[in-house]
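Observations on the model geometry
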Amino acid sequence: MGSNYDDHVVFTDYTLNQEELDHIENVLREYLVKSGIRSVLLIDMAGNIVAKCDDGTCEHDLYSLAALASANFAAVDTMAKIVGENEFSLLFHKGEKESIHFSRVNNEFLLISIVGKELSLGLLRLKIGEAVEKIKHLR
Amino acid sequence: MAFVNMRTKEVQAKVVYYGPGRGGKTTNLEYIYKKFRDRIKSDMVSIKTHGDRTLFFDFLPFDIGKIMGYDVKIQLYTVPGQVKYDATRRLVLKGVDGMVFVADSQEEQRKKNILSLKNLQENLATYKKSIFKIPLVLQYNKRDLEAQGIPLLSLETMEKDLNSQLKVPFFPASAATGDNVVATMKKIISLTMTSLQSVLK
Ligand SMILES: Nc1nc2c(ncn2[C@@H]2O[C@H](COP(=O)(O)OP(=O)(O)OP(=O)(O)O)[C@@H](O)[C@H]2O)c(=O)[nH]1
Ligand SMILES: [Mg+2]
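Below, the structure is looked at part by part. (Residues numbered from 1 in each chain as written. Chains lettered and ligands numbered in written order. Predicted model: local features only at pLDDT ≥ 70, side-chain atom pairs only at ≥ 80, totals over all residues. Heavy atoms only, no water.)

Let's talk about the overall build of chain A
- Helix and strand counts for chain A stand at three helices and five strands.
- Each helix (α) and strand (β) of chain A, taken in turn from the N terminus, gives the series α-β-β-α-β-β-β-α.
- Taking 139 residues into account, the globule formula puts the C-alpha radius of gyration at 14 Å, and chain A, at 15 Å, falls close to it.
- In chain A, which comprises 139 residues, the proportion classed as buried is 47%.
- In chain A, once contacts between residues fewer than 6 apart in sequence are set aside, the share between residues at least 24 apart is 55%.
- A total of about 6900 Å² of accessible surface is found on chain A, and carbon and sulfur atoms cover 48% of it.
- Between the mean site of the 14 positive side-chain charges and the mean site of the 22 negative ones, chain A shows a separation of 8 Å. (Helix = DSSP H or I, 4+ residues; strand = E, 2+ residues; numbered from the N terminus. Rg over C-alpha atoms; globule rule 2.2 N^0.38 Å. Buried < 20%, exposed > 50% of the residue type's maximum accessible area, 1.4 Å probe, protein only. Contact = heavy atoms within 4.5 Å. Areas by Shrake-Rupley, 256 points an atom, 1.4 Å probe, with all protein chains shown as cover. Lys, Arg positive; Asp, Glu negative; His and termini not counted. Charge placed at Lys NZ, Arg CZ, Asp CG, Glu CD.)

Printed below as a string of structure tokens:
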């Protein structure tokens, strides 16, 4: 990489270096996957996958999921603005075997978690809240 | 807004196909998907109406292999061309790195092409991007219709209408037969990668 960019991720509005990416993956693993979340993605608002971690049982098409998740989030966000809300805080799609939870980390990032039915929504939200606290300063 | 991950040595870049409704954006991606089936591991995602019009976007991730040691993934998107879908069209443009403008060569579509290009310029501006700076290729689509006696705009007219100020590469094409579809894609990927190169070396 060019001298100005030695250990940085560039081009995006945000910049993450190697250490920060390590930190993010660590948080995703320790707080989320070890708590029973099957697969978790940190994506940016354009649909890029910034970091991911899973328990090895998920075989989903993560790039398509990221593209759809960012678009879905943007659409819901725009709907919130239309009805005069700042944002709709909870986005949860419940399936029979797997469910998807979305949460905004900060202006740049979204956290997408795929969970089985073992995990209660309450515990899930608690764990995600803890993880978000640990990474929301990054941008 | 390409994302370069130094850790996994991966680049993700976003290329969006834009243009008037029914111009052939989705057909471009469908052709690419068919043609490179063996290299594209995931399915093409299309959010569309029953009448096959794009409602939100089409999405096709395309692995172009290694460039300067990086695994490069180009994410191809189309926007919905219908005028009424401007809000969703704008959402798809978020973080775009390169663009193909698919114009409809039919004579009766002349005005729609011009309006759509203007709309692109305005929507890019909402992200503080200039249509004069972003990597851009024009495609004059549906040239095959000439053989059926359907009146088409001449290439000179289309160049004058759409490209007199932009002066970007253009391709007469047919998304239906596949003519110049891959050439268009290769050109925009190469322009997009060139704009990223200063950072990848
Ligand atoms: N003859 C001919 N027909 C084409 C060509 N490209 C697209 N079509 C046809 O034009 C119609 C519209 O094509 P689409 O690819 O769905 O157009 P689009 O730009 O995605 O339209 P929206 O999603 O509404 O914005 C379809 O019936 C296509 O089969 C072409 O090169 N030649
Ligand atoms: Mg379409």
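Continuing now.
Re the coordination of the magnesium ion (ligand 2)
Residue and element names in this part refer to chain B.
- Every protein donor of the magnesium ion (ligand 2) is listed here as Thr26 (OG1) and Thr54 (OG1), and their distances to the metal cover 2.0 Å. Taken together, the residues span a long stretch of sequence, with threonine 26 in helix H1 (residues 25-35) and threonine 54 in strand E4 (residues 54-67) at a distance of 28 residues. Each member of the pair, threonine 26 as well as threonine 54, is classed as buried. (Donors = N, O, S within 2.8 Å, 3.2 Å for Na, K, Ca; no water.)

Here we look at the site of ligand 1
All names here are of chain B.
- Not every one of the 19 residues close to ligand 1 is listed here, only the nearest: Lys25, Thr27, Thr54, Gly81 and Asp144.
- Taking glycine 81, its main chain carries an N or O atom lying 2.6 Å from an oxygen atom of ligand 1.
- Here an oxygen atom of ligand 1 and a side-chain polar atom of serine 174 are 3.3 Å apart.
- When ligand 1 sits alone it has 650 Å² of accessible area, and the protein chains cover 79% of it.
- Sorting elements by how many residues they give to the shell around ligand 1 places H1 first, with three residues.
- Looking at side-chain class alone, the shell around ligand 1 contains five nonpolar, nine polar and five charged residues. (Near = heavy atom within 4 Å. Polar contact = N/O pair within 3.5 Å; in protein donor to acceptor, adjacent residues only side chain to side chain. Nonpolar A, V, L, I, M, F, W, Y, C, P; charged D, E, K, R; others polar.)

Examining the sheet that holds strand E1 (residues 39-44) of chain A
Residues and elements named next belong to chain A.
- Reading across the sheet, the five strands line up as E2-E1-E5-E4-E3 and stay open at both edges, with antiparallel pairing between neighbours. Two strands lie at the open edges of the sheet, namely strand E2 (49-54) and strand E3 (91-93), each paired on one side alone. Along the sheet, successive strands turn relative to each other by an average axial angle of 15°, direction set aside.
- With six bridges joining them, strand E4 (residues 99-104) and strand E5 (residues 109-115) adopt antiparallel strand pairing. Opposite serine 99, over in E5, you have valine 115 as the bridge partner. (Pairing = 2+ DSSP bridges. Axes fitted to C-alpha atoms, helices over the stretch in contact; angles between N-to-C directions.)

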